[in-house]
Amino acid sequence: MRKPLQTALLAALITAGFTTSVLAADTHKPAATQDAASSNGFHLPPFPADAHVTQSTTVDGKMLKYTVTVGSLPVRDEKGDITGEVVFTAYTMAGKDRPVTFALNGGPGASSVYLNLGAIGPKKVNFGVEGDNPSDPATLHDNPGTWLGFTDLVFIDPVGTGFSRALVDDKEATKQFYSTDSDIRYLSRIVYDWLVKNGRMTSRKYLVGESYGGFRGPRITDYLQTQLGVAMNGVVLLSPYLDPAASDDEDVSPLPWMLTLPSIAAAHLEREHKLTTEAMTPIIDYTRGEYASDLMRGRSDPQATDRVVQKVAELTGLDPLFVKRSGGRLETQAYLREVYRAEGKLGSRYDSNVTAWDPFPYAPHQRTGDPILNGIIAPTTSAMVNFVTQTVGWKVDGRYNALSYEVNKLWHEDDDANKGSVSQLREAVANDPGLRVLIAHGWDDLSCPFMASVLIVDQIPAMGDPTRVQVKEYAGGHMFYSRQDSQAALTSDVRALYGVK
């Protein structure tokens, strides 16, 4: 996600019943790693050695036995000094020629717990769906949508998220970790270092990024290709934040309003139990056609606004007076209050059909946090901390940051960030005719709406095979995989990308 934190969300923990053995390998760390914190002026205990546990999960009636490894990799500056430590969680299975997939969430400031314990890891915890409560038991269960049956999985927590940490002060951390280019460089090197450490350089390799992780995905892929000599076979971008500039200039350009209208209309269809791909097709056609042209006409055509208001009210089910006062341009936070105002609730920008009570219903503007973001931190944090420290046995002191608002606050957004990652996506696909990309969105997501990716991909040259870059939509929002049917559909599409039955 983006500022404010707009990332994928998820976490989980395993309490008992799945562990068959726990052992601590790598019984000593290199002295340089042990001394890194103190040598940089930080008085932190060293991270423990990598820890391992054997578990199993059942998918489609088939038991998968795998090894979980939680450990860390150092980040070094140009002098070779260790300036940070990145924690990873890896799930590997025995077998010849197994691919390996690296997974990153977004934020900036989000750990990978949401992809791990919600989307594609072998265990999951419930969160992000209407009716889920932060105080519900943070209990892990088998994940029917896990990708572990056809690929090993490595979840990476960027510095400042999860247990990963900087060993420099905030100013230096912003320079080395919390800015666009440095973020891509050190995370790409972590992928490279994990491959080398584990003897997997010749494996087929894939990358999955969610939200701001979707911004990272094309850039990391391009950097690995052209700088570190590691080529991805495929990339999966979940609810990606690819083009920040598309939402600029909302006073003149119709584009910001074009991006969100279809998702608002989709949420309305879903509330009426009418949401289908077929029902969305004319809405998308209207958005990129008559809606865009009428917005551009402005006062040159006095009837244009009336047409827009009438059609937008019809598509969204909103009060025509509210639509008229907005000129048919539906600002996201205003919509999320208006649609549930009569119930005293708010919708989430990550899935507008997930709601919470509005504690300040008479305030002129929303004064509380997002319903989904507020609701997912507790279950994901509790689940992941218990899983890492108790189940796997990686004993560590320190706070776990599922979502770090501090990292988000320290993040430096330079001019390059506003250029997005579309250029790197095009270049990575052009560089490698074997590379395939799946971009996946939830219909209801207003933080990273699907329409942006539809428009982006429609402008990408075919480069021989237009199916190499595809956009798919599913019921749900930013974390559409929280819904079982949508997760199953995603897994089926990903299996096709990986070339497995």
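Let us look at the structure shown here.

Rules and cut-offs
- Residues numbered from 1 in each chain as written.
- Predicted model: local features only at pLDDT ≥ 70, side-chain atom pairs only at ≥ 80, totals over all residues.
- Heavy atoms only, no water.
- Phe/Tyr/Trp six-rings, centres within 6.5 Å; stacked < 30°, edge-to-face > 60°.
- Buried < 20%, exposed > 50% of the residue type's maximum accessible area, 1.4 Å probe, protein only.
- Lys NZ or Arg CZ within 6 Å of the ring centre and 35° of its normal.
- Axes fitted to C-alpha atoms, helices over the stretch in contact; angles between N-to-C directions.
- Helix = DSSP H or I, 4+ residues; strand = E, 2+ residues; numbered from the N terminus.
- Parallel < 35°, antiparallel > 145°, perpendicular 65-115°, else oblique.
- Left-handed = near helix turned anticlockwise from the far one by under 90°.
- Contact = heavy atoms within 4.5 Å.
- 1 Å grid on protein atoms, 1.4 Å probe; cavity = no way out; pocket = protein on both sides within 12 Å on 5 of 7 lines; lining within 4 Å.
- Points joined across faces, edges and corners; volume = space filled by probe spheres on them.
- Nonpolar A, V, L, I, M, F, W, Y, C, P; charged D, E, K, R; others polar.
- Core = buried A, V, L, I, M, F, W, Y, C linked by side-chain atoms within 4.5 Å.
- Salt bridge = Lys/Arg side-chain N within 4 Å of Asp/Glu carboxyl O.
- Lys, Arg positive; Asp, Glu negative; His and termini not counted.
- Expected span 1.5 Å × (residues − 1).

**With respect to the packing of aromatic side chains**
Line of reasoning, step 1. Using the criterion set out here, one finds 20 aromatic pairs in the structure.
Line of reasoning, step 2. Seen in terms of ring centroids, Tyr 286 and Tyr 291 are 5.7 Å apart; in terms of plane orientation they differ by 45°. Their pairing is tilted. Tyr 291 carries the same exposure label as Tyr 286, and that label is buried.
Line of reasoning, step 3. Pairwise contacts between aromatic rings join Phe 177, Tyr 178, Tyr 186, Tyr 212, Phe 215 and Trp 411 into one cluster.
Line of reasoning, step 4. We note Lys 311 situated over the ring of Tyr 286; from NZ or CZ to the ring centre the distance is 5.7 Å.
Line of reasoning, step 5. Looking at Arg 367, its charged tip hangs above the ring of Phe 360, at a distance of 4.0 Å from the centre.

**Focus: the packing of helix 8 (residues 277-297) against helix 9 (residues 302-316)**
Line of reasoning, step 1. The N-to-C vectors of helix 8 and helix 9 enclose an angle of 150°; their axes lie 9 Å apart at closest approach. What the angle tells us is that helix 8 and helix 9 run roughly antiparallel. For the crossing formed where helix 8 meets helix 9, the hand is left-handed. Together, Ile 283, Tyr 286, Glu 290, Tyr 291, Asp 294, Leu 295 and Arg 297 of helix 8 and Ala 304, Arg 307, Val 308, Lys 311, Val 312 and Leu 315 of helix 9 make up the contact between the two elements.

**Topic: the layout of surface pockets**
Line of reasoning, step 1. Empty space within the second largest pocket amounts to approximately 610 Å³.
Line of reasoning, step 2. Those elements that place two or more of their residues in the lining of the second largest pocket are strand 3 (62-76), helix 4 (170-176), helix 5 (180-197) and helix 6 (212-228).
Line of reasoning, step 3. A breakdown of the residues in the lining of the second largest pocket according to their chemical character gives eight nonpolar, five polar and ten charged.

**Quick look at the nonpolar core**
Line of reasoning, step 1. Within the largest apolar cluster, 85 residues are counted, with the highest numbers of intra-cluster contacts made by Phe 102, Ile 156, Phe 177, Trp 194, Tyr 291, Val 437 and Ile 439.
Line of reasoning, step 2. Broken down by element, the residue count for this core peaks at nine residues, all from helix 7 (residues 255-271).
Line of reasoning, step 3. Setting aside residues up to four positions removed in sequence, Ile 156 forms contacts with Val 86, Val 87, Phe 102, Ala 103, Leu 104, Ser 112, Leu 187, Ile 190 and Val 191.
Line of reasoning, step 4. One finds Met 93, Ile 120, Leu 140 and Val 388 within the second-largest nonpolar core, a separate group that totals 58 residues.

**Observations concerning the pattern of salt bridges**
Should their charged atoms come close, side chains of opposite charge can pair.
Line of reasoning, step 1. Applying the stated criterion across every chain, the model contains 21 salt bridges.
Line of reasoning, step 2. Here Lys 123 ties to Asp 142 by a salt bridge, and the two come within 2.5 Å at their closest N and O atoms. In this pair, Lys 123 is assigned in strand 6 (residues 123-124) and Asp 142 in strand 7 (residues 141-142), connecting sequence segments 19 residues apart.
Line of reasoning, step 3. Residue Lys 123 is classed as buried on the basis of its relative accessible area of 2%.
Line of reasoning, step 4. A salt bridge links Asp 358 to Arg 337; the shortest N-O distance between them is 3.2 Å. Of this pair, Asp 358 sits in the loop between strand 13 (351-357) and helix 12 (371-392) while Arg 337 is found in helix 11 (residues 332-338), placing the two residues 21 residues apart along the sequence.
Line of reasoning, step 5. In this structure Asp 358 comes out as buried when scored by relative accessible area, which is 10%.
Line of reasoning, step 6. Classification of Arg 337 by relative accessible area gives buried; the value is 6%.
Line of reasoning, step 7. Each of Glu 270, Asp 351, Asp 444 and Arg 483 takes part in a single network of salt bridges with overlapping partners.

**Section: the side chain of Asp 222**
Line of reasoning, step 1. Its place among the elements puts Asp 222 in helix 6.
Line of reasoning, step 2. Buried charge Asp 222 goes without a salt bridge, the closest partner of opposite sign being Arg 219 at 8.3 Å.
Line of reasoning, step 3. What Asp 222 contacts, discounting residues up to four positions off in sequence, is Gln 424, Glu 427, Ala 428 and Asn 431.

**Considering helix 5**
Line of reasoning, step 1. Here helix 5 spans 26 Å end to end across 18 residues, near enough to the 26 Å set by a 1.5 Å rise per residue.
Line of reasoning, step 2. Gly 199 sits one or two residues past helix 5 and shows a positive phi near 65°.

**Section: the environment of Ala 417**
Line of reasoning, step 1. With respect to the secondary-structure elements, Ala 417 resides in the loop between helix 13 (405-410) and helix 14 (422-431).
Line of reasoning, step 2. For Ala 417, a relative accessible area of 7% translates into the label buried.
Line of reasoning, step 3. Sequence separation of Ala 417 and Phe 215 is 202 residues, and the distance between their C-alpha atoms is 9.1 Å.
Line of reasoning, step 4. Those residues in contact with Ala 417 that sit more than four places away from it in its chain are Thr 180, Phe 215 and Pro 244.

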